[in-house]
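Each chain is listed here by its residues.
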Amino acid sequence: MRVQLPRSPMGIATVVVRVSFGVALLCVGLTHYMAFGGFVTMAREGMGFLEPVAMLWAYVLPALMILGGALFAIGMYAEIAAWAAGLALASIPVGMMLRPVLSGVSMADVMPAAINAFIWLIVFVLVVRCWIGMENGE
């Protein structure tokens with residue numbers, strides 16, 4: 001199998017952004033596992049009766065980030081990459097917004113993390129659109 005690098009500026013930009021997004025997401029997932037005790041504590045904090053679910057999700061979320069990030073970085077299995085990364089990233093603002101509802105955590109305390117996650121989601125959508133567009137010859 002011969003890898004053909006893009007020659008157009010948009011094609012080059014798409015590959016660079018896809019790879020950098022994938023490697024960054026992979027690194028975030030690895031970092032969560034490297035500091036797992038603190039990550040589990042943070043994931044459970046303020047989740048009220050959903051703490052057991054949050055603790056379970058703390059094991060799954062970094063794995064999805066690693067899988068999705070790795071697949072984005074190598075440019076393979078676009079559907080699996082999008083599902084893994086998308087589920088991981090979309091769960092973050094949902095979890096953040098549940099905290100004020102479930103345990104009265106201040107909205108001001110969770111908004112920075114939720115906004116950061118939405119920025120990741122916007123980049124995710126742009127990367128997926130460019131990647132699929134490039135594969136379809138657009």
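Details of the structure are given in the entry above.
Residues numbered from 1 in each chain as written. Predicted model: local features only at pLDDT ≥ 70, side-chain atom pairs only at ≥ 80, totals over all residues. Heavy atoms only, no water.

Novice: Help me understand the packing of aromatic side chains in this model?
Specialist: Within a pair of aromatic rings, the relevant descriptors are the distance that separates the centres and the angle that separates the planes. Applying the stated criterion across every chain, the model contains seven aromatic pairs. With a centroid separation of 5.2 Å and 80° between ring planes, the pair formed by F21 and F72 is classed as edge-to-face. One end of the pair, F21, is in helix α1 (residues 9–34); the other, F72, is in helix α3 (residues 51–74), and 51 residues separate them in sequence. Through a chain of ring-to-ring contacts, the aromatic side chains of F21, F72, W120, F124 and W131 assemble into a single cluster. Here the guanidinium or amino end of R18 rests over the ring plane of W131, the centre of that ring lying 5.4 Å away. (Phe/Tyr/Trp six-rings, centres within 6.5 Å; stacked < 30°, edge-to-face > 60°. Helix = DSSP H or I, 4+ residues; strand = E, 2+ residues; numbered from the N terminus. Lys NZ or Arg CZ within 6 Å of the ring centre and 35° of its normal.)

Novice: Can you walk me through the environment of M42 in this structure?
Specialist: Tracing the chain through its elements places M42 in helix α2 (residues 36–44). The class of M42 is partly exposed, set by a relative accessible area of 36%. Considering only alpha carbons, one finds M42 and A58, 16 residues apart in sequence, at a separation of 9.1 Å. For M42, the residues in contact, after removing those within four places along its chain, are M96 and R99. (Buried < 20%, exposed > 50% of the residue type's maximum accessible area, 1.4 Å probe, protein only. Contact = heavy atoms within 4.5 Å.)

Novice: How do you make sense of the environment of E45 when you look at a structure like this?
Specialist: Mapped onto the elements of the fold, E45 is located in the loop between α2 and α3. Sequence spacing of E45 and Q4 is 41 residues, and the spatial spacing of their C-alpha atoms is 47 Å.

Novice: Is there a simple way to explain the packing of α3 against helix α4 (residues 78–103) in this structure?
Specialist: Between α3 and α4, whose axes approach to 8 Å, the crossing angle comes to 140°. The orientation of α3 relative to α4 falls into the category oblique. Two packed elements cross with a definite hand, and for α3 against α4 that hand is left-handed. Contact residues: W57, L61, L64, M65, L67, G68, L71 and F72 in α3; I80, A81, A82, A84, A85, L87, A88, L89, S91 and I92 in α4. In terms of residue class, the contact of α3 with α4 is made up of 16 nonpolar, two polar and no charged. (Axes fitted to C-alpha atoms, helices over the stretch in contact; angles between N-to-C directions. Parallel < 35°, antiparallel > 145°, perpendicular 65-115°, else oblique. Left-handed = near helix turned anticlockwise from the far one by under 90°. Nonpolar A, V, L, I, M, F, W, Y, C, P; charged D, E, K, R; others polar.)

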